[in-house]
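Remarks on the overall topology
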Amino acid sequence: MQATRRTFTLGTLAVLLSGCSGAARFASTPARPDTTLPTAPNAGWDAWVAGFKGRAAGQGISPGVIDRAFRGAGFIPGVIERDRNQTEFKRSLEDYLSIAASDERVAKGRANYAAQRATLARIEAKYGVEGNVVAAIWGLESFFGERRGNIPIVSSTSTLAYEGRRGAFFEKQLIAALKILQNGDTTPENLVGSWAGAMGHTQFIPTSYELFAVDFTGDGRRDIWSDDPTDSLASTAAYLAKSGWQRGQPWGGVVGSPGANVPGGRRLQPEAGGPTFIVGRNFDAIKRYNNSDSYAIGVGHLSDRIVGGPPITGPFPPDQYGLRKDDRIALQRRLTAAGFDTQGSDGVIGPNSRAAIQAYQARNGLPVTGDPSLELLRRLG
Ligand SMILES: [Ca+2]
């Protein structure tokens, strides 16, 4: 289940909230449907829904809840498009960490951690999960609530159940979503999330919600969709606690760093030529949230940075083009200075950097590949 989640996250970024929560401060604004992914008439989906309604009723969902949930719902072609365009492309750990613990995310992490300190302390007292770790997951999953997604979940999950690559998985998500509505935790209008059904500040899929979500504000609703992140943060701590989190123990760290002093820890070198980590049970608990070494290292590292820890400097191996991070940063700066804007210089060669390289190549009569190279770096020097 969790292996499926990883593809939904980290791409997907703070509302600076004061330490006090409450209905007055977080007056709920109804979610507006995502106009970038509109529904379209689809007779096959209609027929599928007709059959699904019987199966949902068979699982105890009331006809009234089912009818209301599907009122206004529809097939979303854009969701299928995104599902099909998912590539198995794997980022290097260095690139991943550059994004997961970017200067902006670390700064917002510190501000949000400070703003939520009282809430996070109460959550830690109840679930035994440190607040900086919960804040790090919040930062990776939704950029501290900024990117929660506003695609209607009944439409997205029914679209994927009908025509996606993992139909049975998404039918389960849809049933779990209907149970959320039946339970009264939120309304059909507010039941929104990412195109792949991940919801709220920490991007729970409906079945994870069913297992782990908690009401921490005390209003009787497990409201992870609210602008107030309290229930989401507590639900995340509850998830980690049930996954074996050990309070007071480091997740791990680069060999030789203080974090590497993990009782019962083991060595992990994700990439040849890259840093070796010592990781422990808390690393494994984070992987239960999202089954990826890079994700767990990213959460652990961001959690350290939020409370003042230093960056991981490597050593990391050069990339497939023979460039190290300093080279990539220099390339981005030189391209930008030459009038080919890479939209920042974080050392990660993404679509903006590739477009800038292509524009430079085209202008200079070079083969237009979009690929960085040491030769290009020298040319621009
Ligand atoms: Ca609540």
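Being a predicted model, the structure only gives us computed values, none of them experimental. (Residues numbered from 1 in each chain as written. Predicted model: local features only at pLDDT ≥ 70, side-chain atom pairs only at ≥ 80, totals over all residues. Heavy atoms only, no water.)

**Observations regarding the coordination of the calcium ion**
- The protein atoms donating to the calcium ion are Asp215 (OD), Thr217 (OG1), Asp219 (OD), Arg221 (O) and Asp231 (OD), with metal-donor distances spanning 2.2 to 2.4 Å.
- In primary sequence terms, the donor set of the calcium ion follows D-x1-T-x1-D-x1-R-x9-D. (Donors = N, O, S within 2.8 Å, 3.2 Å for Na, K, Ca; no water.)

**Details of the nonpolar core**
- With 87 residues, the main nonpolar core has Phe70, Val154, Leu178 and Leu191 as its most contacted residues.
- The leading source of residues in this core is helix H10 (residues 167-183), at 8 residues.
- In contact with Phe70, other than residues within four places in its own chain, are Trp45, Val49, Phe52, Lys53, Val154, Ser158 and Leu174. (Core = buried A, V, L, I, M, F, W, Y, C linked by side-chain atoms within 4.5 Å. Buried < 20%, exposed > 50% of the residue type's maximum accessible area, 1.4 Å probe, protein only. Helix = DSSP H or I, 4+ residues; strand = E, 2+ residues; numbered from the N terminus. Contact = heavy atoms within 4.5 Å.)

**A short note on the pattern of salt bridges**
- Tallied over the entire structure, the rule returns 19 salt bridges.
- Measuring nitrogen to oxygen at the nearest pair gives 2.7 Å for the salt bridge that ties Glu171 to Arg55. Separated by 116 residues along the polypeptide, Glu171 in helix H10 and Arg55 in helix H2 (residues 43-58) bring together distant segments of the chain.
- We classify Arg55 as partly exposed; its relative accessible area is 36%.
- One salt bridge connects Asp371 with Arg354, and the closest N-O pair in it is separated by 2.8 Å. Residue Asp371 is found in the loop between helix H16 (351-363) and helix H17 (374-380), and its partner Arg354 is found in helix H16; the two are separated by 17 residues along the sequence.
- Residue Asp371 is classed as partly exposed on the basis of its relative accessible area, which comes to 29%.
- Judged by relative accessible area, Arg354 falls into the partly exposed class, the value being 26%.
- Through salt bridges that share partners, Glu94, Asp95, Asp319 and Arg328 make up one connected network. (Salt bridge = Lys/Arg side-chain N within 4 Å of Asp/Glu carboxyl O.)

**Focus on the confidence of the model for the protein**
- Counting all residues, the mean pLDDT for the protein is 90, and 90% of those residues have values of 70 or more.
- This model gives residues 1-31 a pLDDT under 50, and the stretch forms 88 contacts once residues within four places in sequence are excluded. (pLDDT = per-residue confidence, 0-100.)

**Quick word on the sheet that holds strand S3 (residues 252-254)**
- Taken in spatial order, the 3 strands of this open sheet run S3-S5-S4, and their pairing is antiparallel. With partners counted over all chains shown, the strands left at the sheet margins are S3 and strand S4 (266-268), one partner each. When strand polarity is set aside, the average angle formed by the axes of neighbouring strands in this sheet is 25°.
- In this sheet, strand S5 (residues 277-279) lies alongside S3 in antiparallel orientation, the contact comprising 3 bridges. When the bridges of S5 are listed, Gly253 appears paired with Ile278. (Pairing = 2+ DSSP bridges. Axes fitted to C-alpha atoms, helices over the stretch in contact; angles between N-to-C directions.)

**Quick notes on unusual backbone geometry**
- With an omega dihedral of 10°, the bond running from Gly314 to Pro315 counts as a cis peptide bond.
- Although it is not a glycine, Phe143 sits at a positive phi angle of roughly 50°.
- With respect to the helices, strands and loops of the structure, Phe143 is situated in the loop between helix H8 (131-142) and strand S1 (151-152).
- Overall, Phe143 belongs to the buried group, its relative accessible area being 0%.
- A positive phi angle, near 60°, is found at Gln343, a position not held by glycine.
- With respect to the helices, strands and loops of the structure, Gln343 is situated in the loop between helix H15 (325-337) and H16.

**What to know about H10**
- Taking 1.5 Å of rise per residue, 17 residues should cover 24 Å, and H10 covers 24 Å from first to last C-alpha, within 8% of that figure.
- Restricting attention to buried positions, one finds in H10 the residues Phe169, Phe170, Glu171, Gln173, Leu174, Ile175, Ala176, Ala177, Leu178, Ile180 and Leu181.
- Just beyond H10, the residue with positive phi is Gly184, at close to 80°. (Expected span 1.5 Å × (residues − 1).)

**Re the side chain of Glu271**
- Among the secondary structure elements, Glu271 is positioned in the loop between S4 and S5.
- Here Glu271 falls in the buried class, since its relative accessible area comes to 19%.

**Some thoughts on the packing of aromatic side chains**
- One pass over the full model with this rule turns up 15 aromatic pairs.
- With centroids separated by 6.0 Å and ring planes inclined at 75°, the aromatic side chains of Phe75 and Tyr162 adopt a geometry described as edge-to-face. With Phe75 in the loop between helix H3 (63-70) and helix H4 (77-85) and Tyr162 in helix H9 (residues 153-163), the pair connects residues that are 87 residues apart, well separated along the chain.
- Relative to Phe144, the ring of Phe143 lies with its centre 5.9 Å away and its plane at 80°, an arrangement referred to as edge-to-face. You'll find Phe143 and Phe144 in the same group, each marked buried.
- Taken together, Trp45, Trp48, Phe52 and Phe70 form an aromatic cluster joined through their ring pairs.
- A cation sits over an aromatic face here: Arg147 above Phe143, 5.6 Å from the ring centre. (Phe/Tyr/Trp six-rings, centres within 6.5 Å; stacked < 30°, edge-to-face > 60°. Lys NZ or Arg CZ within 6 Å of the ring centre and 35° of its normal.)

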